[in-house]
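An overview of the molecular structure
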Amino acid sequence: MSHTLHPLRRQRLQRSELAVPSSNPTMIEKAAESAADYVFLDLEDAVAPPEKEQARKNCIQALNDIDWAAKGKTVSVRINGLDTHYMYRDVVDVMEQAGDKLHTILVPKVGVPADLYMVEAMVNQIEMARGYRSKVMLEALIETALGMANVEAIAQSATLPGSRLEAMHFGVADFAASMRARTVNIGGLNPDYPGDQWHAAIARMTTACRAYGLRAIDGPFGDFSDPEGYKAGARRAAALGCEGKWAIHPSQVDLANEVFSPTEAEVTKARRIIAELKAAEAAGKGAASLDGKMIDAASERMAKNVLVIAEAIAA
Ligand code: GLV
Ligand code: MG
């Protein structure tokens, strides 16, 4: 390993993240009862401009009325972008009126590290002024060409003193718009492209996340009547190192939980790898073989990643 190491900043189970428009209190209540690990109450793109103020009020009420943690959920709020006139009031009202109830703020369309710095400065002041003991963390939505061009710098800003960044998400819909990419449905594959046209972007963001100890989360898949397409996208993201995916419809929650949970067989294999390597070590050997395949210290690190998630699910 390098002498420079950035361990995971914060372990949270985030296999499924259900997006809910804060303009719809019924959907918020249903989300609280869902099987999602995470729920984000949206103030941004799922809320039309005339509904923004009411949505903010609903969001604050839902944070205060529902005990999200008792329901086993991490609760996040997606504020409006820094280029809008809604964003400052989102942060001020939500933090002042419910800042000790939410866990993270999801900042959309992050383009440069200073976008997060600004939100952090506001959150800091409000937490101090209110005397909150809890600390709201940040998640960055990478969904513009600028954000992707700066994704390493944005991830690296997590190492600065005072940074609250703990995860980054890939927002494929806005990314497609920003890139002027031809797209068929949100997050779906374009048959004109040989393979997955989002591969390079997700791989780049995930690498930046893992380099600086952040969780990597894949964003939306728009066609909620295509569970197989959803699962295929989730599996591709998981193969690259993402640990969860958004659900833009309740029916996608179970699909995400399924794809991002290690199977019994994977957990058993992970335990066998660790046991086998322990035995090899006791016999003075670094490598060993399991089921006809070579395993070594890197296999142990991979196996431990599986067990961390399995233990978080069991907890
Ligand atoms: C999410 O916000 C996206 O644009 O995909
Ligand atoms: Mg977006």
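Residues numbered from 1 in each chain as written. Chains lettered and ligands numbered in written order. Predicted model: local features only at pLDDT ≥ 70, side-chain atom pairs only at ≥ 80, totals over all residues.

In the annotation of an unreviewed UniProt entry, the entry for the chain reads HpcH/HpaI aldolase/citrate lyase family protein, and the organism field reads Tabrizicola soli. You can read under Sequence similarities (unreviewed entry) in the UniProt record for the chain the words "Belongs to the HpcH/HpaI aldolase family." (UniProt positions renumbered as here; feature names shortened; annotations may be inferred.)

**Re the packing of helix H3 (residues 87–98) against helix H4 (residues 113–130)**
Two quantities define a packed helix pair, namely the angle between the axes and the distance from one axis to the other. With their axes 10 Å apart at the nearest point, H3 and H4 run at an angle of 30° to one another. Judged by the inter-axis angle, H3 sits roughly parallel to H4. Crossing geometry of H3 relative to H4 is assigned as right-handed. Residue-level contacts link Val-91, Val-92, Met-95 and Glu-96 of H3 to Val-119, Met-122, Val-123, Ile-126 and Arg-130 of H4. Across the contact of H3 with H4, the residue classes tally to seven nonpolar, no polar and two charged. (Axes fitted to C-alpha atoms, helices over the stretch in contact; angles between N-to-C directions. Helix = DSSP H or I, 4+ residues; strand = E, 2+ residues; numbered from the N terminus. Parallel < 35°, antiparallel > 145°, perpendicular 65-115°, else oblique. Left-handed = near helix turned anticlockwise from the far one by under 90°. Contact = placed C-beta atoms within 7 Å. Nonpolar A, V, L, I, M, F, W, Y, C, P; charged D, E, K, R; others polar.)

**Section: the UniProt feature "domain: HpcH/HpaI aldolase/citrate lyase" (unreviewed entry) in the chain**
Listed under "domain: HpcH/HpaI aldolase/citrate lyase" (unreviewed entry) in the UniProt record, and renumbered for this structure, are residues 16–250. Note that residues 16–250 is 42% helix and 17% strand, and that its end C-alpha atoms are spaced 10 Å apart.

**Description of the nonpolar core**
With 76 residues, the main nonpolar core has Val-77, Val-107, Ala-140 and Met-205 as its most contacted residues. In contact with Val-107, other than residues within four places in its own chain, are Ile-79, Asp-115, Leu-116, Val-119, Leu-138, Ala-140 and Leu-141. (Core = buried A, V, L, I, M, F, W, Y, C linked by C-beta atoms within 7 Å. Buried ≥ 20, exposed ≤ 12 C-beta atoms within 10 Å, placed from the backbone.)

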